[in-house]
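Here is what each chain is made of, one letter per residue.
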Protein chains: 2
Amino acid sequence: MSDSKLQIIPLGGLGEFGMNSMAIRYGDDIIVVDAGMMFPDSELLGVDIVTPDFSYLEQHREKVRGLVLTHGHEDHIGGVPFLLSQMDIPVYGTAFTLALVERRLEEHDMLSKVRLKAVKPGQRIELGPFKVEFIHVTHSIVSSVALAITTPLGVIIHTGDFKVDPTPTDNELFDLHTLADYGKRGVLLLMSDSTNVDRPGYTESERAVRPRLEDIFNRAERRLVISCFSSSIHRLQQILDLSAEYGRKVAFLGRSMLSVTEIAHGLGLLQIPDSILLRPQDIMQASPSKVVAVVSGTQGEPMSSLSRVAVDNHKNLSVQPGDTVVLSSRIIPGNEKAIYRMMNHLARRGAEIIYGSTNPPVHVSGHASAEELKLVLNLVRPKYFVPIHGEYRQLARHASLASHLHRLGLEKSFILETGETLEIDPAGARKGERVTVGRVCIDSGTIDEVVEDMVIRDRRHLSEDGFVIPIIAINKHSGRSEALPEIVSRGFMSFDDGSGLMQEARQVVARTVESSSSEERTDWGVMQEKIRADLKRFLIKQTSRRPLIMPVILEV
Amino acid sequence: MSDSKLQIIPLGGLGEFGMNSMAIRYGDDIIVVDAGMMFPDSELLGVDIVTPDFSYLEQHREKVRGLVLTHGHEDHIGGVPFLLSQMDIPVYGTAFTLALVERRLEEHDMLSKVRLKAVKPGQRIELGPFKVEFIHVTHSIVSSVALAITTPLGVIIHTGDFKVDPTPTDNELFDLHTLADYGKRGVLLLMSDSTNVDRPGYTESERAVRPRLEDIFNRAERRLVISCFSSSIHRLQQILDLSAEYGRKVAFLGRSMLSVTEIAHGLGLLQIPDSILLRPQDIMQASPSKVVAVVSGTQGEPMSSLSRVAVDNHKNLSVQPGDTVVLSSRIIPGNEKAIYRMMNHLARRGAEIIYGSTNPPVHVSGHASAEELKLVLNLVRPKYFVPIHGEYRQLARHASLASHLHRLGLEKSFILETGETLEIDPAGARKGERVTVGRVCIDSGTIDEVVEDMVIRDRRHLSEDGFVIPIIAINKHSGRSEALPEIVSRGFMSFDDGSGLMQEARQVVARTVESSSSEERTDWGVMQEKIRADLKRFLIKQTSRRPLIMPVILEV
């Protein structure tokens, strides 16, 4: 085994955004770092969530020693139930990360069957030939770690997601010392978060939102409604602290807000001042100047609490003129319309709305900007570098950011996209064979409901020009079509516009049937293809549209 | 007529984004300001463009005296062909604006039939009881105007789109003097652009992009590919000037880029240095360090020149390692995925990509920020104020921005959404009756291809879960269904997953038919409804999905 090679096998999140997952293999042993999901883009019609295709791991099921999680965001843990439904492996992560995983497993009734093993920063575990040390990093979610993975060929550093926050609200600093120690002793490979590589300078500290929130607390004369991601424990802590200072009670609204704050409080990660909490049902009874409602739903999700508040359809909270609504979050691209629609409703209720890139900021990013990325590159000084977590343009920029390290020991950067592998052996590093990867589209959040690509293609086609279905009844005795074909259609043209056209289309189909030889007429595949082709030509000519055409031949 | 009232009738662009159009009526005379279009959001499946519903104008066709255009952006002129196809009215605008209208009219073969009347800033025209003065303003497109409309009840100022650029590249300053003169003499109503009301401070001057572009020209060692909106004549002028200074030739690529630069040059609005132009077919022969390609397609439109360049499928330009690609434009929300996809392709070709919110900026907005909006409010000091061009949240914020004017003569601000009207008479101003408004969805850019809302609803339904169509053949002699029903389906489940289910579904339909009374069986409407209900229940239970179900009964 001493001549084994090390393989880096990205299963998701490289060259794409979200569903981060990475397999690391040495000989007959594999560990997996993260198993995320992504929310589908609008092109994936009717799909609810997307996970990586884990079939590489299934093929090598007996080699997989465990899953190691860096932090509790959905793009790192959302695929865990789907991976664990395919194989029984232990899962390692910090207590808070595992508590968030437990919530997801409960939804799938899987909690009793899995092995979750809590670790602390600084702790080391052994998985086959891999020794994994967990290194505390700062990020928008608490209890995030980077990984130092010692292999027979050298040390791999995997940063997870991070920023270098010099003043985190929990005073738990990024453990730069440990990173520096590994750097000093020599690192074979660095894999580092590329999400914000396009941003120059440094990402602001989480504490940078405090002056703006303070100003909002100072000026608000009535109810304050603040929305942020429920996993942003740092942000929630600041809101709780300010509420205590300004003598306001705090009510949490929304299922995820309630459960995540309870988890964080239980683990000692969220300090809730004495008797500050207000029950949701008491919000409207309390004096408006003495209340903060902390509400989930920053992205305008249709069923979220904030969306329901916006249309005055929430049982506990009604926004009134003079109230202040704060969106302490970023707008995830693709959600603009939903978020703006929600904001318009809130404005109609007379609320002042505070959001977006204000100065000082009401939200800061959790990902490192260019100068922080350089700091980590310089501390670690790896022999090889693989930028992770980003689209190609971001990976490429991160690689070029590292180019000054070539004078400091960096031999080569590799831009890998999901499915491309890196092989390292004593002779060097190079791209290896591709492995099977892909995405699994899931319809309604249950593990079984996989939507196949062909079905999505059909939906896309249907969404553009609808369908036209000609139905021909053929007499099984005479072999002839005795009546004019029927045509049904939806999403193509309205009945008023289309009825004359449909009459003509029926004639087109009838002529195709009549003009066919009796031999052709016995081969239904041939007949369907001829009808489809003739009708398609007719409809494009008449309407320039290309509905899905699906001829049906009935034997009667 | 002396007791007539003045009516402000927004037909588009208030409480929504895009397709700006405003009717102003006094007694039996109407003028229309702008007739824009919008690009559909992704929920409008298969729709290419959206225009306002002009039926209010059609109903009062004989009263409409003319259409007045503020500037040549699509959200102000894109609906002109559709409005003019419904009524023959004269169109007034600056020469450049009308030249852009002509391009659109040509596409619809309408150019010979319309009356386009070019005006200059400072000029006044009379349309019935309205005197309209055109006032030069600065904006991202040249030859933009605000309107001072003198009515029997007082002066209306309509700003169009603007920013207050102190140093426009063409040195044509915003005509604040004329605005101030009107303000001094007394303005009845101000309607002002709300697009950027959320931005504090001042929008940067167009010249602010020059230092960054200069830096890019300085550092680029190979080909420079710059993309911007083809209507951004200011931006194109700066690119041409820098190219001349740095000894690079300029090639324009893309249909709109070629035609708009030709129009602007012809009107003396774009100065093209001597012999600087390079034919597109000569780009790849010229020395890479001596070329700038100016390419349309900043939004990642699939057929645009830049998208084709990105996948190395453009006949004149191939991007090579070391080339620099500059996106000198904003990302219009909704286009992120397409733009990022294009950027990933360019990065794979080895180009350095410069885009987004860099400092100094590579793009600046054309719309006024909060301080500029206050400047205009303070100069005009109207009696009534109606914020225009924005969603409700923006209109509301703009109205609250004007609240200090209440001590300076402002009697009231009105937040109107499209279809809500304002009435002004000597007794005061108030909201009036609603008028019919709406949107007209157009499929492939021709005036006839209107897509009805019901068709779009069907497409949305189809896009989520596809369709299931049970087909029952009923014997016209026996009144019975003699064979098992057929079921066809697409976009619902793949054949592998669904074939067993479909067999069961056929049985469900057969049972529904069998269990119906002979009376029900003669009423096909009843039968279709029963089959739909039973099959829907069955499919939701089995799959949690809700495909469009459309039973077909054939008499054979």
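Remember, it's a predicted structure, so these values are computed and weren't measured experimentally.

Trainee: What is the right way to read the sheet that holds strand β22 (residues 439-442) of chain B from this model?
Mentor: Strand pairing in a sheet relies on backbone hydrogen bonds. The paired strands run either parallel or antiparallel. All names here are of chain B. With antiparallel pairing, three strands are arranged side by side in an open sheet as β4-β22-β23. Looking at strand neighbours, the two that pair on one side only are β4 (49-52) and β23 (450-451), the edges of this open sheet. Where β22 lies against β23, two bridges are found, and the strand directions are antiparallel. Counted as the bridge partner of Ile442 is Val450 from β23.

Trainee: Hey, could you run me through the sheet that holds strand β5 (residues 64-68) of chain A in this one?
Mentor: All names here are of chain A. With respect to topology, eight strands assemble into an open sheet ordered β7-β6-β5-β3-β2-β1-β20-β21, the strand pairing being mixed. Looking along the sheet, the strands with just one partner apiece sit at the ends: β7 (116-118) and β21 (428-431). Each strand of the sheet is rotated relative to its neighbour by a mean of 20°, with strand direction disregarded. Pairing between strand β2 (residues 21-26) and strand β3 (residues 29-35): six bridges, direction antiparallel. The residue of β3 that forms the bridge with Ala23 is Val32. Relative to β7, helix α4 (residues 95-107) is tilted by about 160°, and along the sheet it contacts β6 (91-93) and β7.

Trainee: What exactly am I supposed to notice about the side chain of Arg545 of chain B here?
Mentor: All names here are of chain B. You can see Arg545 is positioned in the loop between α16 (524-543) and β26 (548-549). On the basis of relative accessibility, which here comes to 3%, the residue Arg545 falls in the buried class. A polar side-chain atom of Arg545 sits 2.6 Å from the main-chain carbonyl oxygen of Phe492.

Trainee: I keep staring at the packing of helix α6 (residues 209-219) of chain B against helix α7 (residues 233-245) of chain B and nothing clicks. Help me out?
Mentor: When two helices pack together, you describe them by how their axes are tilted relative to each other and by the distance separating the axes. Residue and element names in this part refer to chain B. For the pair α6 and α7, interaxial distance at closest approach is 11 Å and the crossing angle is 40°. Relative to α7, the crossing made by α6 is right-handed. Contacts between α6 and α7 involve Val209, Arg210, Leu213, Glu214 and Phe217 from the first element and Arg235, Gln238, Ile239, Asp241, Leu242, Ser243 and Glu245 from the second. A breakdown of the residues in the contact of α6 with α7 according to their chemical character gives five nonpolar, two polar and five charged.

Trainee: How should the packing of aromatic side chains be read in this particular structure?
Mentor: Aromatic ring pairs are defined here through the distance separating the ring centres and the angle between the ring planes. Within the structure shown, the criterion is met by seven aromatic pairs over all chains. Ring geometry for Phe217 of chain A and Tyr246 of chain A: centres 5.6 Å apart, planes at 40°, overall tilted. Of this pair, Phe217 of chain A sits in helix α6 (residues 209-219) while Tyr246 of chain A sits in the loop between α7 (233-245) and β14 (249-253); the two residues are 29 residues apart in sequence, bridging distant segments of the chain. Here Phe217 of chain A falls in the buried class, since its relative accessible area comes to 3%. Seen from their ring centres, Tyr384 of chain B and Phe414 of chain B are 6.3 Å apart, and the 55° between their planes marks the pair as tilted. Placement of Tyr384 of chain B in strand β18 (residues 382-388) and of Phe414 of chain B in the loop between β19 (412-413) and β20 (422-425) is noted, with a sequence separation of 30 residues between them. Of the residues examined, Tyr384 of chain B reaches a relative accessible area of 3% and is grouped as buried. Sitting above the plane of the Tyr340 of chain B ring, Arg393 of chain A keeps its charged end 3.7 Å from the centroid.

Trainee: I tried to follow the domain arrangement of chain A on my own but got confused; where do I start?
Mentor: Residue and element names in this part refer to chain A. Here the domain parsing of chain A yields domain 1 (6-201 + 365-451), domain 2 (206-354) and domain 3 (466-555). A straight line from the C-alpha centre of domain 1 to that of domain 2 covers 32 Å. With both chains or domains summed, domain 1 and domain 2 bury close to 1,400 Å², and 60% of this area falls on carbon and sulfur atoms. Of all residues in domain 1, Phe96, Arg103 and Thr169 bury the most surface against domain 2, accounting for 39% of the area lost on that side. Applying the counting criterion to the domain 1 and domain 2 interface returns seven residue pairs in polar contact (both at pLDDT 80 or more). Of the residues belonging to the side of domain 1 that touches domain 2, the class tally is eight nonpolar, seven polar and four charged.

Trainee: Help me understand unusual backbone geometry, please; the structure alone is not making it clear to me.
Mentor: Apart from glycine, the bulk of residues carry a negative phi angle, and the bulk of peptide bonds sit in the trans form. At Ser275 of chain A, a residue that is not glycine, the phi angle is positive and equals roughly 45°. Note that Ser275 of chain A resides in the loop between α8 (255-266) and β15 (291-295).

Trainee: Before we go on, may I ask you to explain the relation of the copies chain A and chain B in this structure?
Mentor: One copy of the chain maps onto the second through a rotation around an axis plus a translation along that axis. Relative to chain B, chain A is turned by 180° and slid 0.0 Å along the rotation axis, the superposed coordinates differing by an RMSD of 0.1 Å. Such a turn and shift between the copies fits a two-fold axis. When C-alpha distances to the rotation axis are compared across chain A, the minimum falls at Ser463 of chain A, with a value of 2.3 Å. In this assembly, 100% of the residues forming the interface of chain A have copies in chain B that are likewise at the interface, indicating an isologous arrangement.

Trainee: Help me out: how do you make sense of the interface of chain A and chain B in this one?
Mentor: For interface size, the figure often reported is the accessible area lost on association. Listed per partner, the contact involves 59 residues of chain A and 59 residues of chain B. In total, chain A and chain B occlude about 5,100 Å² of area from one another, counting both sides; carbon and sulfur atoms represent 55% of this. Here chain A and chain B share six salt bridges between them. In this structure, the salt-bridge partner of Arg490 of chain B is Asp458 of chain A, at a minimum N-O distance of 2.9 Å. Linking chain A with chain B are 20 residue pairs in polar contact (both at pLDDT 80 or more). Those elements giving two or more residues to the side of chain A that touches chain B turn out to be α10 (336-348), β17 (352-354), α12 (392-401), β23 (450-451), α13 (453-465), β24 (467-474), β25 (486-490) and β27 (552-555) of chain A.

Trainee: Explain the pattern of salt bridges to me, please; I cannot follow it from the model alone.
Mentor: When charged atoms on two side chains of opposite charge get close, those side chains can pair. Summed over all chains, the structure comprises 60 salt bridges over all chains. Across the pair Arg430 of chain B and Asp425 of chain B runs a salt bridge whose closest N-O atoms are separated by 2.9 Å. For Arg430 of chain B, a relative accessible area of 31% puts it in the partly exposed group. Counted as one network, the salt bridges with shared partners bring together Lys5, Glu423, Asp425 and Arg430 of chain A.

The rules behind the values
Residues numbered from 1 in each chain as written. Chains lettered and ligands numbered in written order. Predicted model: local features only at pLDDT ≥ 70, side-chain atom pairs only at ≥ 80, totals over all residues. Heavy atoms only, no water. Pairing = 2+ DSSP bridges. Helix = DSSP H or I, 4+ residues; strand = E, 2+ residues; numbered from the N terminus. Axes fitted to C-alpha atoms, helices over the stretch in contact; angles between N-to-C directions. Contact = heavy atoms within 4.5 Å. Buried < 20%, exposed > 50% of the residue type's maximum accessible area, 1.4 Å probe, protein only. Polar contact = N/O pair within 3.5 Å; in protein donor to acceptor, adjacent residues only side chain to side chain. Left-handed = near helix turned anticlockwise from the far one by under 90°. Nonpolar A, V, L, I, M, F, W, Y, C, P; charged D, E, K, R; others polar. Phe/Tyr/Trp six-rings, centres within 6.5 Å; stacked < 30°, edge-to-face > 60°. Lys NZ or Arg CZ within 6 Å of the ring centre and 35° of its normal. Domains from an automatic or database assignment. Buried area = accessible area lost by both parts, 1.4 Å probe. Least-squares fit on C-alpha atoms with pLDDT ≥ 70 in both. Salt bridge = Lys/Arg side-chain N within 4 Å of Asp/Glu carboxyl O.

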